[in-house]
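Architecture at a glance
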Amino acid sequence: SWREGVEKDLDEVLQSHTVFTNVSKGEVAKKADLMKAFEDTKGDQTEICKIILAKGDLQVSDKERQAQTEAMFKDIATIVSEKCVNSDTKRPIPVSIIEKAMKECHIAVKPNKNSKQQALDTIGKLKEVLSLQRAEMRIKVVTPVKMLNKIRKLLTKLEVTIESE
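None of these values were measured; they are calculated from a predicted model.

So, about the overall build of the protein. Across its full length, the protein carries 7 helices and 4 strands. The order of helices and strands in the protein, counted from the N terminus, is α-β-β-α-α-α-β-α-α-β-α. Here the C-alpha atoms of the protein give a radius of gyration of 27 Å, more than 25% beyond the 15 Å that 2.2 N^0.38 yields for 165 residues. Here the protein, with 165 residues, has 22% of them falling under the buried criterion. When contacts within the protein are restricted to residue pairs at least 6 apart in sequence, those whose partners lie at least 24 apart make up 56%. Counting every atom, the protein has about 13,200 Å² of accessible surface; 52% of that belongs to carbon and sulfur. The centroid of the 30 positive side-chain charges in the protein is displaced by 9 Å from the centroid of its 26 negative side-chain charges.

Below, the structure written as structure tokens:
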């Protein structure tokens, strides 16, 4: 949230303004090492912390990573559920059924790829185990009378089913 500019108060982001070489062992970084690595800060720990927050690598714990993966897995299943219907009944498929099918197909979540793109890739793989198809979109087109023939030709060319005029 610091990098996105959501959080402005440094005290809300940091537990301590101290720089550690190994936080789990409680080893504090030596002043000489900090001066060498961050020459332009003159040893100011707060400024060093700001640089680390801006440019440093973010370490994510196993639990956080697992929670993110599970959330993305559910997000992908939800997107698939919203975009697809059962090809036999034309009814929506519950998210729980899609999640189960995703696990059966051994679909892995890629954290560096967005959920929507993964959901589109997943649809193709799920067609092998589920009878699903992309849901047809219903749109309402309002047009001036003088444009009616032009719009009708365009819709016919796109193989669109016209419900009413």
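With that settled, consider the packing of helix H4 (residues 62–83) against helix H5 (residues 95–104). How two helices sit against one another is set out by the angle between their axes and by the gap between those axes. Between H4 and H5, the least distance of the axes is 9 Å, while the angle of their chain directions is 120 degrees. As far as their axial angle goes, H5 and H4 are oblique. Here H4 runs over H5; the crossing is right-handed. Contacts between H4 and H5 pair Phe73, Lys74, Ile76, Ala77, Thr78, Val80 and Ser81 from the former with Val95, Ile98, Glu99, Met102 and Lys103 from the latter. Looking at the contact of H4 with H5 residue by residue, the class counts come to 7 nonpolar, 2 polar and 3 charged.

This part takes up helix H7 (residues 148–157). Within H7, only 1 of the 10 residues are buried, leaving the element largely exposed. Remark: glutamate 159 follows H7 within two positions and exhibits a positive phi of approximately 60 degrees.

This brings us to the environment of cysteine 84. Structurally, cysteine 84 is set in strand S3 (residues 84–86). When the C-alpha positions of cysteine 84 and arginine 134 are compared, they lie 4.3 Å apart, and in sequence the two are 50 residues distant. Residue contacts for cysteine 84: discarding those within four places in its chain leaves Pro92, Ile93, Ile123, Leu132, Gln133, Arg134 and Ala135.

Procedures and definitions
- Residues numbered from 1 in each chain as written.
- Predicted model: local features only at pLDDT ≥ 70, side-chain atom pairs only at ≥ 80, totals over all residues.
- Heavy atoms only, no water.
- Helix = DSSP H or I, 4+ residues; strand = E, 2+ residues; numbered from the N terminus.
- Rg over C-alpha atoms; globule rule 2.2 N^0.38 Å.
- Buried < 20%, exposed > 50% of the residue type's maximum accessible area, 1.4 Å probe, protein only.
- Contact = heavy atoms within 4.5 Å.
- Areas by Shrake-Rupley, 256 points an atom, 1.4 Å probe, with all protein chains shown as cover.
- Lys, Arg positive; Asp, Glu negative; His and termini not counted.
- Charge placed at Lys NZ, Arg CZ, Asp CG, Glu CD.
- Axes fitted to C-alpha atoms, helices over the stretch in contact; angles between N-to-C directions.
- Parallel < 35°, antiparallel > 145°, perpendicular 65-115°, else oblique.
- Left-handed = near helix turned anticlockwise from the far one by under 90°.
- Nonpolar A, V, L, I, M, F, W, Y, C, P; charged D, E, K, R; others polar.

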